[in-house]
Amino acid sequence: MFSENLKFIRKRIATAAKRAGRDPSDISLLAVSKTFPASSILEAIESGQHAFGENKIQEAAGKIDELRGAEIHWHFIGHLQKNKVKYIPGRYSLVHSVDSLELAEKLHQESLLQGCVTNVLIQVNVSGEASKSGVSPEKLPLLLKKAQGYSGISIGGLMTMPPFDPDPEKARPWFRALRGLLGEVNLSLGLNLKQLSMGMSQDFEVAIEEGATWVRVGTALFGGRK
């Protein structure tokens, strides 16, 4: 089941990349494994998938312990509370959801305490939805400028979640806006951020056409959540 889904998703990724004149190898697939058991993740690993996204610290902790020793790159994609930051350094390859300067600073401090550097993306609320986490586009340059002094974290790019719509084309303006922001801050702050985490099961092809380097796919790989 997972193996067939994975082949189909990889084919769709490659087709979307070629349509946009991009190299398919520039796009990484993150399998969103939240709510699925360790056994499902093991099946996914056997199929050749090694990057998995979790959004709850406690749920992920159990799986990380159970699957210790397996070839896995864990990513944290959920809203990260400041009191849970201590569980991040050394466990996650990439945190997609740093949504404030305060959180960036806390993660920097905790990473230094634990003797490592944590790779992160800054979550941007491009749509301005009140229900979504993320720094506003207007405040992004200031956050990046101040966070450049935080040696405990390494910022690689940006992430966003557009308003949900069954029509994937409705997400295109938000993906395009995030790509534009990446270009703007790179130019104005002299940065070289390259990663864009955007696109999920329903709209990842549009996200790829607009420059996504990470697509976060759960349902289309694992099936519906109970």
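Scroll up to find the structure this text is about.
The present account deals with the structure reproduced in this document. (Residues numbered from 1 in each chain as written. Predicted model: local features only at pLDDT ≥ 70, side-chain atom pairs only at ≥ 80, totals over all residues. Heavy atoms only, no water.)

Some thoughts on the pairing of strand S6 (residues 153-159)
Moving on, step 1. Most of S6 is tucked away, with 6 of its 7 residues classed as buried.
Moving on, step 2. Looking at chain direction, strand S5 (residues 118-123) and S6 are connected through 6 bridges and run parallel. Of the residues in S6, the one forming a bridge with Leu121 is Gly157.
Moving on, step 3. Each parallel crossover has a hand, and for S5 linked through helix H5 (residues 140-147) to S6 it is right-handed.
Moving on, step 4. Between the parallel elements S6 and strand S7 (residues 195-197), the chain passes through helix H6 (residues 172-189) in a crossover that is right-handed. (Buried < 20%, exposed > 50% of the residue type's maximum accessible area, 1.4 Å probe, protein only. Helix = DSSP H or I, 4+ residues; strand = E, 2+ residues; numbered from the N terminus. Pairing = 2+ DSSP bridges. Right-handed = clockwise from strand over helix to strand, strands pointing away.)

So, the side chain of Ser111
Moving on, step 1. When you line up the elements, Ser111 lands in helix H4 (residues 101-113).
Moving on, step 2. In this structure Ser111 comes out as buried when scored by relative accessible area, which is 0%.
Moving on, step 3. Separated by 2.7 Å, the side chain of Ser111 and the backbone oxygen of Leu107 make a polar contact.
Moving on, step 4. Residues in contact with Ser111, not counting those within four places in the same chain, are Pro89, Cys116, Thr118 and Gly152. (Polar contact = N/O pair within 3.5 Å; in protein donor to acceptor, adjacent residues only side chain to side chain. Contact = heavy atoms within 4.5 Å.)

Structural notes on the packing of H5 against H6
Moving on, step 1. Viewed as axis vectors pointing N to C, H5 and H6 meet at an angle of 50°, and their least axial separation amounts to 11 Å. One element, H5, and the other, H6, form an angle in the oblique class. The handedness of the crossing between H5 and H6 comes out as right-handed. Seen from H5, the contacting residues are Leu140, Pro141, Leu144 and Lys145; seen from H6, they are Leu181, Val185 and Leu189. (Axes fitted to C-alpha atoms, helices over the stretch in contact; angles between N-to-C directions. Parallel < 35°, antiparallel > 145°, perpendicular 65-115°, else oblique. Left-handed = near helix turned anticlockwise from the far one by under 90°.)

Details of the nonpolar core
Moving on, step 1. Counting 63 residues, the largest nonpolar core has Phe52, Ile122, Leu140, Leu144, Leu158, Val215 and Leu221 as the members making the most contacts within it.
Moving on, step 2. Element by element, the count of residues in this core is highest for helix H1 (residues 2-19), at 6 residues.
Moving on, step 3. Look past the residues within four positions of Leu158 in its chain and what remains in contact with it is Leu121, Ile122, Val124, Leu140, Leu178, Leu181, Leu182, Gln195, Leu196 and Ser197.
Moving on, step 4. With 8 residues, the next largest nonpolar core counts Leu30, Val32, Ile77 and Trp214 among its residues. (Core = buried A, V, L, I, M, F, W, Y, C linked by side-chain atoms within 4.5 Å.)

So, the pattern of salt bridges
Moving on, step 1. All told, the structure shown has 12 salt bridges when counted by the stated rule.
Moving on, step 2. A salt bridge links Glu209 to Arg19; its shortest N-O distance comes to 2.8 Å. Within this pair, whereas Glu209 is found in helix H7 (residues 204-209), its partner Arg19 is found in helix H1, the two being separated by 190 residues in sequence.
Moving on, step 3. For Glu209, a relative accessible area of 22% puts it in the partly exposed group.
Moving on, step 4. Note that Arg68 and Asp65 form a salt bridge whose closest N and O atoms lie 2.5 Å from each other.
Moving on, step 5. Look at Arg68 and you get exposed, because its relative accessible area is 59%.
Moving on, step 6. Judged by relative accessible area, which is 49%, Asp65 ranks as partly exposed.
Moving on, step 7. In the salt-bridge network here, residues are joined through shared partners; they are Arg19, Glu169, Arg172, Arg176, Arg179, Glu209 and Glu210. (Salt bridge = Lys/Arg side-chain N within 4 Å of Asp/Glu carboxyl O.)

Some remarks on the environment of His50
Moving on, step 1. With respect to the helices and strands, His50 occurs in the loop between helix H2 (38-46) and strand S2 (51-54).
Moving on, step 2. Taking relative accessible area as the criterion, His50 reaches 21% and is therefore assigned partly exposed.
Moving on, step 3. His50 sits 23 residues away from His73 along the chain, and the two C-alpha atoms are 6.0 Å apart.
Moving on, step 4. Apart from the residues within four sequence positions on either side, His50 is in contact with Ile45, Glu71, Ile72 and His73.

So, the packing of aromatic side chains
Moving on, step 1. Across all of its chains, the model carries 4 aromatic pairs by this definition.
Moving on, step 2. Aromatic side chains Phe2 and Phe222 sit 5.0 Å apart centroid to centroid with 50° between the ring planes, which places their arrangement in the tilted category. In this pair, Phe2 sits in helix H1 while Phe222 sits in helix H8 (residues 219-222), placing the two residues 220 residues apart along the sequence.
Moving on, step 3. Using a relative accessible area of 12% as the deciding quantity, one classes Phe222 as buried.
Moving on, step 4. On the basis of an interplanar angle of 80° and a centroid distance of 5.7 Å, the ring pair of Phe76 and Tyr92 is categorised as edge-to-face. Note that Phe76 is positioned in strand S3 (residues 73-76) and Tyr92 in the loop between S3 and strand S4 (94-98), a separation of 16 residues in sequence.
Moving on, step 5. Under the relative-accessibility criterion, Tyr92 is labelled buried at 8%.
Moving on, step 6. What links up through ring pairs into an aromatic cluster is the set Phe2, Phe36 and Phe222. (Phe/Tyr/Trp six-rings, centres within 6.5 Å; stacked < 30°, edge-to-face > 60°.)

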